[in-house]
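Structural characterization, general
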Amino acid sequence: MNPPPLLVDNATLPDGRTGMRVWAQDGLIHAVAPAHALPEPPGAQRLDAQGWLLSPPFVDAHFHLDSTLSHGLPRVNASGTLLEGIALWGELKPQLTEEAIAERAMQYCDWAVARGLLAIRSHVDVCDPRLLAVRALLDVKKRVAPYLSLQLVAFPQDGLLRSPDAPALLRQALDLGVDVVGGIPHFERTSADGTESIRWLCELAAQRGLSVDMHCDETDDPLSRHIETLAFHTQRLGLHGRVTGSHLTSMHSMDNAYVAKLLPLLAEADMQVVANPLINITLQGRLDSYPKRRGMTRVPELLAAGVNVAFGHDCVLDPWYSFGSACMLEVAAMGMHVAQMTSSSAQRQCYDAVTVNAARVLGLQGYGLEVGCRADFVLLQARSPEEALRLRAQRLAVVRAGHVVARMAPATAELDLPGRPNAVDWTVDLKRQDAD
Ligand SMILES: [Zn+2]
């Protein structure tokens, strides 16, 4: 017997249409129309949106599920730097078990679903002769598949050329079913080794028909220019649209004249970029006195150059970051602040960076609110994407393939004030128009 259809009634959509009905059937969106134009399908399960925002689900384009929730094991990162985080992860690795990694990753996936985050690209460290994390996350990927799309990147955390067995282990991880080729050129011993690692990894991806997503230039050193090499090999090997540069924090500190040449090269190679605002603002600039650099890559400039930019959460409660809760609205709101993307249209771009742009980085099929798309969505206690960002809106309901998989009570507070309403409403009907 087929499961009953789901009818979401009285929804506001991200494009501003109100009073909309969305009919989901057999896991797909069957119809999207105003209430008067779409009669209720017989036997449908109803979800009354009460005018709240129905959005495509959040997508995280950059995460580390193998280290998540390991904060404090075996100790906390005292300097707060990327390099101490890598050293700390190295201390923890020998103590890890497949079960513990899988258990923590599963718990994080629960958090993600509850927050309307239904697709994650996770890097997985392959610099471990036992490939424990790879095996654990491949198992997690299967277990969560009914409710969360997980994509894995073979990530040589200790350096492809710096860690003796990394090339063989990376190939083995791909053989086991890891989806994407990763890298970390700025962490190789020399810049020349970084360049060589990019050539090797891109050729491997081309041979196997895979995508590439490298941690690239995650440093404040303006002379870390591996992104240029990554764009070159993307062009040379015809990998257009399949290559992502993650972090690119050195671009924050580069000379403007160099960046003016670089951005069109990224656009020409149809590269994707992922910035990780929460992590970049906490890890970068640590060796600065004052003024302290922000470290995040040049998001508005990349977007203006026609490059697809997504935001990732990167870390939650691990050797690199002591905070987080799978909230992609927090990620986008931080990006909005760090990049000063304050106009209404720029706020919308930040929302896109954790929804449609991130879906494009992952190459997700059937993502969106159009007829024929997968019936995946999140109902937010907000009237617009901008308001969702401002409020880090409550996820009232999360739907996967036409089934409600999570619900949260609306956020409110009871008041007892003379002459005032007895409950708080944080929503405001703002007239938003950029003066341009
Ligand atoms: Zn990362």
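Structural data are supplied above this passage.
Residues numbered from 1 in each chain as written. Predicted model: local features only at pLDDT ≥ 70, side-chain atom pairs only at ≥ 80, totals over all residues. Heavy atoms only, no water.

Every protein donor of the zinc ion is listed here as His-62 (NE2), His-64 (NE2), His-215 (NE2) and Asp-314 (OD), and their distances to the metal cover 2.1 to 2.5 Å. Coordination at the zinc ion is irregular: its four donor atoms span angles of 86 to 177° at the metal. In terms of primary sequence, the donors binding the zinc ion are separated according to H-x1-H-x150-H-x98-D. Of this pair, His-64 sits in the loop between strand E6 (58-63) and helix H1 (82-92) while Asp-314 sits in the loop between strand E13 (308-311) and helix H11 (328-338); the two residues are 250 residues apart in sequence, bridging distant segments of the chain. Residue class for His-64 comes out buried when judged on its relative accessible area of 6%. (Donors = N, O, S within 2.8 Å, 3.2 Å for Na, K, Ca; no water. Tetrahedral: all angles 85-135°; square planar, octahedral: opposite > 155°, others 65-115°. Helix = DSSP H or I, 4+ residues; strand = E, 2+ residues; numbered from the N terminus. Buried < 20%, exposed > 50% of the residue type's maximum accessible area, 1.4 Å probe, protein only.)

With that settled, consider the packing of helix H3 (residues 132-144) against helix H4 (residues 166-176). The interhelical angle for the contact between H3 and H4, taken along N-to-C directions, is 20°, at an axis separation of 11 Å. Taken together, the axis directions place H3 and H4 in an arrangement best described as roughly parallel. Between H3 and H4 the crossing geometry is right-handed. Here H3 contributes Val-134, Arg-135 and Leu-138 to the contact with H4, which in turn contributes Gln-172, Ala-173 and Leu-176. Taken together, the residues of the contact of H3 with H4 break down into four nonpolar, one polar and one charged. (Axes fitted to C-alpha atoms, helices over the stretch in contact; angles between N-to-C directions. Parallel < 35°, antiparallel > 145°, perpendicular 65-115°, else oblique. Left-handed = near helix turned anticlockwise from the far one by under 90°. Contact = heavy atoms within 4.5 Å. Nonpolar A, V, L, I, M, F, W, Y, C, P; charged D, E, K, R; others polar.)

Two elements in contact, helix H5 (residues 191-208) and helix H6 (residues 226-236), have axes separated by 10 Å at closest approach and are oriented at 30°. As far as their axial angle goes, H6 and H5 are roughly parallel. Both H5 and H6 take part in a crossing whose hand is right-handed. Taken together, the residues of H6 that come into contact with H5 (itself represented by Ser-191, Gly-194, Thr-195, Ile-198, Arg-199, Cys-202 and Glu-203) are His-226, Thr-229, Leu-230, His-233 and Arg-236. Residue composition of the contact of H5 with H6, by class: three nonpolar, six polar and three charged.

Sheet architecture is open: eight strands sit in the order E6-E7-E8-E9-E10-E11-E12-E13, paired in parallel fashion. Edge positions in the open sheet fall to E6 and E13, since each of these has one partner strand only. Strand-to-strand twist in this sheet, taken as the mean axis angle between neighbours without regard to direction, amounts to 25°. Here helix H2 (residues 98-114) sits on the sheet in contact with E6 and strand E7 (117-125), set at roughly 150° to E7. Packed onto the sheet, H6 meets strand E10 (211-216) and strand E11 (243-247) and runs at close to 170° relative to E10. (Pairing = 2+ DSSP bridges.)

Let's shift gears to the pairing of strand E3 (residues 28-34). Judged from the six bridges that link them, strand E2 (residues 20-25) and E3 form a sheet pairing that is antiparallel. Bridging across to E3, Val-22 finds its partner in Val-32. Counting the residues between successive antiparallel strands, the hairpin from E2 to E3 contains two residues, one of them, Asp-26, with a positive phi of roughly 50°.

Another aspect to go through is the packing of aromatic side chains. Scanning the model with the defined rule gives five aromatic pairs in all. Geometrically, the ring pair formed by Trp-89 and Trp-320 is tilted, given 6.2 Å between the ring centres and 50° between the ring planes. Of the two residues, Trp-89 is situated in helix H1 and Trp-320 in the loop between E13 and H11; the sequence distance between them amounts to 231 residues. There is no split in this pair, since Trp-89 and Trp-320 are both buried. The interplanar angle of 50° and the centroid separation of 6.2 Å between the aromatic rings of Tyr-108 and Trp-111 together place this pair among those described as tilted. Residue Tyr-108 and its partner Trp-111 are both found in helix H2; the two are separated by three residues, about one turn of the helix. (Phe/Tyr/Trp six-rings, centres within 6.5 Å; stacked < 30°, edge-to-face > 60°.)

According to the stated counting rule, one finds zero disulfides in the structure shown. Of all cysteine sulfurs in the structure, the one in Cys-315 sits closest to Cys-127, which takes part in no disulfide; the separation is 16 Å. In this structure Cys-315 is not part of a disulfide, and its nearest cysteine sulfur, from Cys-109, lies 15 Å away. Looking at Cys-315, the relative accessible area reads 2%, which means it is buried. (Disulfide = S-S within 2.5 Å.)

So, on to the environment of Ala-112. The topology assignment puts Ala-112 in helix H2. Since its relative accessible area comes to 0%, Ala-112 is described here as buried. A sequence separation of 199 residues divides Ala-112 from Phe-311, and the C-alpha atoms of the two residues are 15 Å apart. If we ignore the near neighbours within four places in the chain, the residues touching Ala-112 are Leu-117, Ile-120, Leu-148 and Ala-326.

This part covers the pattern of salt bridges. Scanning all chains against the criterion turns up 22 salt bridges. Residues Arg-75 and Glu-84 are paired through a salt bridge, measuring 2.9 Å at the closest nitrogen-oxygen approach. The exposure class assigned to Glu-84 is buried, which follows from its relative accessible area of 15%. Linked by salt bridges that have partners in common, Asp-9, Arg-21, Glu-40 and Arg-46 make up one network. (Salt bridge = Lys/Arg side-chain N within 4 Å of Asp/Glu carboxyl O.)

As a further point, take the nonpolar core. Residues Tyr-108, Leu-170, Leu-230 and Leu-266 are the most contacted members of the largest nonpolar core, which totals 112 residues. If we ignore the near neighbours within four places in the chain, the residues touching Leu-266 are Ile-227, Ala-231, Met-251, Met-271, Val-273, Leu-302 and Val-307. Counting 20 residues, the second largest nonpolar core, distinct from the first, contains Ala-11, Ala-24, Ala-49 and Val-399. (Core = buried A, V, L, I, M, F, W, Y, C linked by side-chain atoms within 4.5 Å.)

A sheet is described by the order of its strands in space; here four strands give the open sequence E3-E2-E1-E4, paired in mixed fashion. A single partner strand is all that each edge strand has here, and the edge strands are E3 and strand E4 (45-48). Across the sheet, the mean angle separating the axes of adjacent strands is 20° when strand polarity is ignored.

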